[in-house]
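Per-entry structural report
Residues per chain, in single letters:
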Amino acid sequence: MESSTQQNIIAHGTKIVGDIVSQGPFRIDGTVEGNIKTSGKVVVGKSGIIKGTLQGENVDFEGKFAGKLILTGTLSLKSTAHIEGEVQVNKLAVEPGATFNATCSMKGAVKALSTNETQRPTQNSQGAERTA
């Protein structure tokens, strides 16, 4: 269990071809061609490149990604990020300047809609009183 708190680092200039499975967090400044599956947070630096499938919880991108991204948490794109492919995510945060050329489905949106629908009758009755 202690290894899950230690960060795995793929340094600039390193290229890994193959699949990676880990319980711990990652920092990627090199290149990964393959599939990554982790329950820890992934940070992709400006020089980081991933080509393949990434399954995880939360990811912060400054670098490049091409492939399929499946997240149960938040995808955070910094201004230098370049994303292409297919994205399934719960929450999405995009800074101005980021490139996001992907088909995106947000699983968390379904829950938000059902919550809003249950509140609509209350909001509608109050909304009628508020309109001038």
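Quick notes on the rules
- Along each chain, numbering runs from 1 in the same order as the chain's sequence is written.
- Owing to the predicted nature of the model, reporting of local features is limited to residues with pLDDT of at least 70; listing and counting of side-chain atom pairs is limited to 80 or more, with chain, interface and lining totals taken over all residues.
- Processing note: side-chain calculations cover all non-hydrogen atoms of the structure and skip hydrogens and water entirely.
- Helix and strand definitions here come from DSSP, where helices need a minimum of 4 consecutive H or I residues and strands a minimum of 2 consecutive E residues; each element is numbered from the N-terminal end.
- Categorising residues by exposure relies on relative accessible area from a 1.4 Å probe, with only protein chains included: less than 20% of the type maximum marks a residue as buried, more than 50% marks it as exposed, and the intermediate range marks it as partly exposed.
- The contact criterion used throughout is that any non-hydrogen atoms of two residues lie within 4.5 Å.
- Where accessible areas are quoted, they stem from the Shrake-Rupley method and a 1.4 Å probe; at the residue level, only the protein chains shown are allowed to cover.
- Here, a strand pair is defined by DSSP locating no fewer than two bridges between the strands.
- Axis definition: a line fit to C-alpha positions, over the contact stretch in the case of helices; interaxial angles, taken between N-to-C directions, run 0 to 180 degrees.
- By salt bridge we mean one thing: a side-chain nitrogen of Lys or Arg within 4 Å of a carboxyl oxygen of Asp or Glu.
- Pairing of aromatic rings covers Phe, Tyr and the six-membered ring of Trp, with a centre-to-centre limit of 6.5 Å; geometry is then stacked below 30 degrees between planes, edge-to-face above 60, and tilted otherwise.

**What to know about the overall build of the protein**
From N to C terminus, the protein includes 1 helix and 13 strands. Burial statistics for the protein: of 132 residues in total, 30% are counted as buried. Counted over contacts in the protein with a minimum sequence separation of 6, partners at least 24 positions apart contribute 2%. Approximately 7,900 Å² of the protein is accessible, and the part contributed by carbon and sulfur atoms is 51%.

**Details of the sheet that holds strand β12 (residues 91-94)**
An order of β1-β4-β6-β8-β10-β12 is seen for the 6 strands of this open sheet, with the pairing classed as parallel. Each edge of the open sheet is held by one strand with a lone partner, namely β1 (8-10) and β12. Taken over all neighbouring pairs, the strand axes of this sheet differ in orientation by 10° on average, direction set aside.

**Notes on the pattern of salt bridges**
Evaluation of the coordinates by the stated rule reveals 4 salt bridges. The partner of Lys41 in a salt bridge is Asp60, and the shortest N-O contact between them spans 3.0 Å. Here Lys41 is found in the loop between β5 (31-38) and β6 (42-44), whereas its partner Asp60 is found in strand β8 (residues 59-61), with 19 residues between them in sequence. Glu86 is the salt-bridge partner of Lys68, the closest N and O atoms lying 3.9 Å from each other. Taken together, the positions of Lys68 in strand β9 (residues 64-71) and Glu86 in strand β11 (residues 82-89) put the pair 18 residues apart, joining distant regions of the chain.

**Details of the packing of aromatic side chains**
Any two aromatic rings considered together are summarised by their centre-to-centre distance and by the angle between their planes. Using the criterion set out here, one finds 1 aromatic pair in the structure. On the basis of an interplanar angle of 65° and a centroid distance of 5.7 Å, the ring pair of Phe61 and Phe65 is categorised as edge-to-face.

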